[in-house]
Amino acid sequence: MNIESRAKAVESNVSHRDMANAIRFLAIDAVEKARSGHPGMPMGMADVATVLFSRFLKFNPADPAWPDRDRFVLSAGHGSMLLYALLYLTGYEDVTLDQLKRFRQWGSKTPGHPEYGHTTGIETTTGPLGQGIATAVGMALAERLMNARFGNALVDHFTYVIAGDGCLMEGLSHEAISLAGHLKLNRLIVLFDDNEISIDGSTSLSCSDDQLARFAASGWSVRRIDGHDPAAIHRAIEEERQSDCPSLIACRTVIGFGSPHRQGTEKAHGAPLGGDEIAATRIALQWPYQPFEIPEDILTTWRAIGVRGELACSAWTDRLWQIDVEVRSRFEAALDGKLSNAHADAIAAIRARFSTERPNIATRQASQQVLDEITASQPNLLGGSADLTHSNLTHGKSQKPVRRCLLDGSYIHYGVREHAMAAAMNGIALHGGFIPYGGTFLTFADYSRPAIRIAALMGVRVIHVMTHDSIGLGEDGPTHQPIEHLASLRAIPNLLVFRPADAVETAEAWDCALQAKHRPSILCLSRQALPTFRSDTRGANKVALGAYLVANPEGRRDVTLIATGSEVAIALDAARRLAKADIRAAVVSAPCFDLFAEQTDEYRSAVLGRGPRIGIEAAIQGDWTRWIGEDGEFVGMTGFGASAPADVLYREFGITAEAAVAAALRTIDRHNSRSIDQ
Ligand SMILES: Cc1ncc(C[n+]2csc(CCOP(=O)(O)OP(=O)(O)O)c2C)c(N)n1
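Residues numbered from 1 in each chain as written. Predicted model: local features only at pLDDT ≥ 70, side-chain atom pairs only at ≥ 80, totals over all residues. Heavy atoms only, no water.

Caption draft 1: Up close: helix 11 (residues 275-284). For helix 11, the complete set of buried residues consists of Glu277, Ile278, Thr281 and Arg282. Projection of helix 11 onto a plane perpendicular to its axis shows the buried side chains occupying an angular sector of 145°, all on one side. Seen from the open side of helix 11, the exposed residues pointing more than 90 degrees away from its buried face are Asp276 and Ile283. Looking at the residues trailing helix 11, positive phi occurs at Gln286, about 55°. (Buried < 20%, exposed > 50% of the residue type's maximum accessible area, 1.4 Å probe, protein only. Helix = DSSP H or I, 4+ residues; strand = E, 2+ residues; numbered from the N terminus. Arc of directions from axis to C-beta.)

Caption draft 2: Representation of empty space enclosed by the protein in the model. On inspection of all chains with the given rule, the structure shows three cavities of 30 Å³ or more. In this structure, the largest cavity encloses a volume near 100 Å³. Lining the largest cavity, in full, are Phe53, Leu57, Phe59, Pro64, Arg69, Asp70, Phe72, Leu83, Leu87, Tyr92, Gly121 and Glu123. Of the residues contributing to the lining of the largest cavity, the split by class is eight nonpolar, one polar and three charged. (1 Å grid on protein atoms, 1.4 Å probe; cavity = no way out; pocket = protein on both sides within 12 Å on 5 of 7 lines; lining within 4 Å. Points joined across faces, edges and corners; volume = space filled by probe spheres on them. Nonpolar A, V, L, I, M, F, W, Y, C, P; charged D, E, K, R; others polar.)

Caption draft 3: Examining unusual backbone geometry more closely. Although it is not a glycine, Arg35 sits at a positive phi angle of roughly 55°. Examined against the element boundaries, Arg35 turns out to sit in the loop between helix 2 (16-34) and helix 3 (40-56). Its identity as a non-glycine residue notwithstanding, Gln286 has a phi of 55°, on the positive side.

Caption draft 4: Quick peek at the pattern of salt bridges. In this structure the tally under the stated criterion is 34 salt bridges. We note a salt bridge from Asp573 to Arg577, for which the minimum N-O separation is 3.2 Å. Highlighted residues: Asp573 and Arg577, both in helix 21 (residues 567-580), separated by four residues, approximately one helical turn. Classification of Asp573 by relative accessible area gives partly exposed; the value is 24%. Relative accessible area serves as the criterion here: at 35%, Arg577 is assigned to the partly exposed category. For Glu633, the salt bridge goes to Arg666, with nearest N and O atoms at 2.7 Å. Of the two residues, Glu633 is situated in strand 20 (residues 633-635) and Arg666 in helix 26 (residues 657-677); the sequence distance between them amounts to 33 residues. Taking relative accessible area as the criterion, Glu633 reaches 16% and is therefore assigned buried. Since its relative accessible area comes to 42%, Arg666 is described here as partly exposed. The network of salt bridges with shared partners includes Arg351, Glu508, Arg534, Asp536 and Lys542. (Salt bridge = Lys/Arg side-chain N within 4 Å of Asp/Glu carboxyl O.)

Nothing here speaks to function; it is all geometry.
See below:
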């Protein structure tokens, strides 16, 4: 029996309406108990979700991470109770009835919006509208890329998305659907909750888009159906699964379906229905059961749907064991995301070469050389750039581009779509099989920031290569010169922000980013050439310490100069000048604040010293005070940059060795006079 006929057999005793009402009332009751949440969307999309989960979705609650499962993304994350209800009904261990009763409460598995890693069965964190659909594009892309490498027997699944008006109004959705249409990601099916209501009221208040025409213009297969007609939903999904491009099924639904006084209005969107209205809804939908009560036959039917996935899962496992051993081990290694032994050798070799040759190159160029080495030894590295490949230098020489008909490549031309690139990289990382990295200019980190934040929240390994990291980029001027970006990115928890100072540090930063399996990283790289000061590369990776002593005077230490990236060379120059006046300056390179903060107090004190400290970075001060203390001085930017050659800008903005020397002398004086006063 195929899946469809099994589904029909499973469902024969219980009506579609009862199956869908089970979702509706779990959502109604949980939101009511929490006195908070969004009942309207689950009530409206319950029919669509029932058809999808009961007749099409390939999933196994007993093995939620089964690699060939279909991915289901609830892009309209405010409707989280739809997902929690489905996870409970189909038998996921994490989501019990008790957890539904504790919806939105401290410590529960059912937080306000679905959180990846918090609850099994949640494929990605959603809530910020538009992120889900764009993340799903990455998942659908990863699926096709893995399929091209490993074939139908191992990789053959769909990515389904439920997205609402809000997701489609967000600009991110444009980038995402455009990319998906271009790449012909035909395993992506978006079920649009076309209820024409958002928080303020009718969508006609703010939006006149013809969504079908819009998606069609981006190369999608589109159609509109009655989202409360199970036969129409079934037919649409069945037919769109055959499409050779991504599909949009606009499901015309009624928000809050079944609630006599709220349905079809914004009142159903984001507030509990209240006791009287719930009673009226129970009557209207002929659901005479108590809150959270699901009659046994309905629950049994739903659970049987969950169990059915075990068959497909075990058939897949059988296929995995029949496959050639070498292919299987490559497949498992890719999914595991482990770095190969060859990778460690490649990093060691390039560190050794850089330290011997001591090249005077931009860190973006050093990064290019690192990529040339590691992409050859690490085939699951999936690179790309938002149309700045030749500036970001992100294309490893062995990498073939991914094209709509050539999905066996490993380099993606994301186009000028920074936000979609960042969100798609999240989806690629979540899907498994690849370690995604992608490039743009650091100043455009703002365009991708919402997706970077979600990556940090989810704890996924995504690597952003952000070049042109300061006024050092020169003539392009203040629009392109990042000033506040380092500070603002460092403010995101669980995100590693690296600013390597030379070629060796660049190789080490890459290694750290790749080793950070549960954190995203940003590599901030210079446009301009920087001298290589590191010649000691045999020992441990020093960037992994976050900050370390680059120059340490014998005996006495009068001042510590702490710098990052291109400004480490300025600090070293300043230290040499101070030495001439018998002032002993230590120099610290601090390529990653986050990792330094994780070191022991002892190590941090040894690096920072007890005396006065100067921070040097061609950016705003941000949280530098934590390293230089209240008494320290910061040599950096206080406002926007300007258009001029880099050396002129450094001089005019006072980020020079002379300025660092002057700051050192001032702080030493202050420090000494305070010591005398005491
Ligand atoms: C980026 C972002 N902006 C705003 C919100 C707040 N918000 C949550 S739901 C919503 C309205 C969404 O409307 P729609 O997608 O039509 O959902 P429905 O009313 O059908 O449930 C808004 C503005 C958000 N979650 N994310």
